[in-house]
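# Topology and contacts: notes
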Amino acid sequence: MARALDRVNEISAFKLARVNLSRVPVNRLATLAQYGMYSKAAALERTPEPRRTALVTAVVRNLEAQAIDDALDLFALLMATRLISPARRASEKERLSSLPTLERASRTVTRASRLLLRLLGEADAAGEALDPLLVWTMLDDVAPREAIVAAMDTVDKLVPTDDGSAEIALRKALAGRYNTVRPFLTLLGESPALAAAQGGKQVLAAVRALPALARRTASKRPLKTHEVDTALVPRTWRPAVFANPTLPEGVVDRDAYVVCVLEQRLVL
């Protein structure tokens, strides 16, 4: 990834992609680029002006576009194979490891609930009030009171009410992959070729700030909420970014925020 970004920066240093060629038809530029790509350097050197400048400009712009496409493809591959896939496997492994505990707790809660429903039904049919002492005595045959309460707490913990719990768990696992992206944050954030359409300027501004965050020692200078773009943090990322239990209240998880920004759609 670093080499791909180096190639983009090396070509973009000529700044030919910034030349306004809006008056030149796209197909004309493509033809010039194709002709120049298949021409030898000596032949280009002998080409009279202004055709030579036009050919070189078209070739360099084409090479820059190809380098950017390659970097974007590699970035997408990196996110998929080195971040998302391992994080998804880790998240699923953690959920699977808790399944036996959840099964035992669920069985206890189910048995207690079924008994309570049966006693309520019998009391209702007889027109009598439910005897608490009788209920507790019969529940003791299912499990001790402390075990039933513990089972209910376990179910509450392992089966969150949020329907997006799996995605939230995935983002927490993704935050742990920060070291995978750290080596190329400076190249990415400081690349002169980095640009964005109007809808992506907010993401671009956040990406530009990533190199400074990467150089920052989070333990000495904790990241605060006002120092990041909170609007870029989706709901599924918020627990990982803003509610890391290992950090003091009000401190942003720098690693989680960086990966969260990189997950947004970037346009070079």
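Residues numbered from 1 in each chain as written. Predicted model: local features only at pLDDT ≥ 70, side-chain atom pairs only at ≥ 80, totals over all residues. Heavy atoms only, no water.

### Topic: the packing of aromatic side chains
Going through the model one piece at a time under the given rule, you end up with zero aromatic pairs. Sitting above the plane of the Tyr-35 ring, Arg-51 keeps its charged end 5.3 Å from the centroid. The ring of Trp-136 carries the charged tip of Arg-145 above its face, separated from the ring centre by 3.7 Å. (Phe/Tyr/Trp six-rings, centres within 6.5 Å; stacked < 30°, edge-to-face > 60°. Lys NZ or Arg CZ within 6 Å of the ring centre and 35° of its normal.)

### Thoughts on the packing of helix α5 (residues 99-126) against helix α7 (residues 145-158)
One can describe the packing of α5 onto α7 by two numbers: an axis separation of 8 Å at closest approach and a directional angle of 125 degrees. Compared by their axis directions, α5 and α7 come out oblique. Like other packed secondary-structure pairs, α5 and α7 cross with a definite hand, here left-handed. Where α5 abuts α7, its residues Thr-101, Leu-102, Ala-105, Ser-106, Thr-108, Val-109 and Ala-112 lie against Ala-147, Ile-148, Ala-151, Met-152, Thr-154, Val-155 and Leu-158. By residue class, the composition of the contact of α5 with α7 is 10 nonpolar, four polar and no charged. (Axes fitted to C-alpha atoms, helices over the stretch in contact; angles between N-to-C directions. Helix = DSSP H or I, 4+ residues; strand = E, 2+ residues; numbered from the N terminus. Parallel < 35°, antiparallel > 145°, perpendicular 65-115°, else oblique. Left-handed = near helix turned anticlockwise from the far one by under 90°. Contact = heavy atoms within 4.5 Å. Nonpolar A, V, L, I, M, F, W, Y, C, P; charged D, E, K, R; others polar.)

### Points about unusual backbone geometry
Note: most residues except glycine have negative phi, and most peptide bonds are trans. The omega angle of the peptide bond from Glu-49 to Pro-50 is 5 degrees, so this bond is cis rather than trans. Mapping Pro-50 onto the fold places it in the loop between α3 (41-46) and α4 (51-97).

### Brief notes about α5
The terminal C-alpha atoms of α5, which comprises 28 residues, lie 40 Å apart, in line with the 40 Å expected from a rise of 1.5 Å per residue. Three or more residues of α5 are buried, namely Leu-102, Ala-105, Thr-108, Ala-112, Leu-115, Leu-119 and Ala-123. Along its buried surface, α5 packs onto α6 (132-142) and α7. Looking at the residues trailing α5, positive phi occurs at Gly-127, about 70 degrees. (Expected span 1.5 Å × (residues − 1). Buried < 20%, exposed > 50% of the residue type's maximum accessible area, 1.4 Å probe, protein only.)

### Considerations on the side chain of Asp-253
Within the element layout of this structure, Asp-253 appears in the loop between β2 (251-252) and α14 (254-263). For the buried Asp-253, which has no salt bridge, the nearest side chain bearing the opposite charge is Arg-254, at an N-O separation of 6.3 Å. Side-chain polar atoms of Asp-253 contact the backbone nitrogen of Ala-256, separated by 3.1 Å. Those residues in contact with Asp-253 that lie beyond four places of it in its chain are Ala-240, Val-241, Asn-244 and Leu-247. (Lys, Arg positive; Asp, Glu negative; His and termini not counted. Salt bridge = Lys/Arg side-chain N within 4 Å of Asp/Glu carboxyl O. Polar contact = N/O pair within 3.5 Å; in protein donor to acceptor, adjacent residues only side chain to side chain.)

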